[in-house]
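# Coordinates in review
One-letter residues, chain by chain:
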Amino acid sequence: MNRAAEKIVVRAGVWTRLSLGTLAGVGSFARAQWDELRHVAAVIGTVLLDGVRPQRWTRTVWKAFTRQVLAIGVEPLWFVGAVAVFVGISVVVQLSFWAGETGQSQMLGPLLVAVVARELGPVLINLIVIVRSGSAMTTELGVLKIDGEVRALEAQGSDPLLHLVMPRLLGMAVSTFCLTIVFVLVAFASGYVFAAWMGKGSRDLLLFADTLSSAVQPKDIFNIVAKSILPALFASASCCIGGLGVGESVKEIPQATQRALTRCVAGLFVISAVVSLLTYL
């Protein structure tokens, strides 16, 4: 075998090893993501099964659930309202103006429902909840794990999943859905008021409301509910798993929080895309 042939064989071997290494890395990453997804699904399923059993809702669990709803769903109301006003002014006014300019006023309702209610509302609210409450949830549970509070619950015969995870999952899901409804209503109302004030749209409130209500279909309601609740359940489960999965060092908490938030945001867009495909295709 001459030197040229030897070089070709060596290069082929190098490329083969690189290709096999790349495939192995991709396979390991995919398997790790699949295992995490199964873990999250198992946590969500267990919580939902426990949530429909009245005997699981002890006084302590109710108090923890109430605190989560207040922290996630009530405290950020002013911020959510402000964001909704800006979205209403920028999106609703623009759609109202261009629908009137192009002579397609009958399309205003479907456009508003599609843009604000179906997509912007659930996605923006979930992002706000993830950034604001998801990181705090992961950090809080990580501190509890390091301080030994989780072991103390287990030593007392209490289930950490029941007392620490279930209130947070259900509290975030309920809060996200309610905030989404508030966001959509405030966005529509602020957009109508600003458009009427600027003379860019109809001043007839009943006509505006009728246009919106007639554009809403049952699949739109399903879409809003699914896009609000499912990403919230996934995000809260990911944050709880990340927080309770830290070791003995406080330095692990920022890393766990970063990984949890990355999974939450990725899961939000994947779930939203899947729900849209299943609903409208």
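Residues numbered from 1 in each chain as written. Predicted model: local features only at pLDDT ≥ 70, side-chain atom pairs only at ≥ 80, totals over all residues. Heavy atoms only, no water.

### Let's talk about the side chain of Arg168
The condition is simple: Comment: elements are numbered from the N terminus, with helices defined as DSSP H or I runs of at least four residues and strands as E runs of at least two. For every residue, the accessible area (1.4 Å probe, protein chains only) is compared with the maximum for its type, and the residue is labelled buried under 20%, exposed over 50%, or partly exposed between those bounds. The term polar contact refers here to a pair of N or O atoms within 3.5 Å; inside protein, the definition further demands a hydrogen-donor-capable atom paired with an acceptor-capable atom, and it admits residues adjacent in sequence only when both atoms are side-chain atoms.
When you line up the elements, Arg168 lands in helix H6 (residues 160-198). Classification of Arg168 as buried rests on a relative accessible area of 6%. Among the polar contacts listed, one links the side chain of Arg168 to the side chain of Glu140, at a separation of 3.0 Å. Separated by 2.7 Å, the side chain of Arg168 and the backbone oxygen of Leu164 make a polar contact.

### With respect to the packing of aromatic side chains
Stated precisely, the cut-off is as follows: By convention, a stacked pair of Phe, Tyr or Trp rings (six-membered ring in the case of Trp) has centres within 6.5 Å and planes under 30 degrees apart, an edge-to-face pair has planes over 60 apart, and any other such pair is tilted.
According to the stated counting rule, one finds 3 aromatic pairs in the structure shown. Their ring planes at 40 degrees and their centres at 4.8 Å tell us that Trp57 and Trp62 sit as a pair that is tilted. Given the relative accessible area of 14%, Trp57 is considered buried. For Trp62, a relative accessible area of 45% puts it in the partly exposed group. Where Trp62 meets Phe65, the ring centres are 5.8 Å apart and the plane angle is 80 degrees; that geometry is what we call edge-to-face. Taken together, the positions of Trp62 and Phe65, both in helix H2 (residues 59-74) and 3 residues apart, correspond to about one turn of that helix. A connected cluster of aromatic rings, assembled from ring pairs, spans Trp57, Trp62 and Phe65.

### Focus on the nonpolar core
Our working definition: For the purposes of this section, nonpolar cores are sets of buried Ala, Val, Leu, Ile, Met, Phe, Trp, Tyr and Cys residues that join through side-chain atoms within 4.5 Å. Residue contacts are defined here by distance: any two heavy atoms, one from each residue, within 4.5 Å place the two residues in contact.
Leu169 and Phe188 are the most contacted members of the largest nonpolar core, which has 58 residues in total. A per-element tally of this core places H6 first, with 14 residues. Contacts of Phe188, omitting those with residues within four sequence positions, involve Val92, Leu112, Val113, Val116, Phe208 and Leu212.

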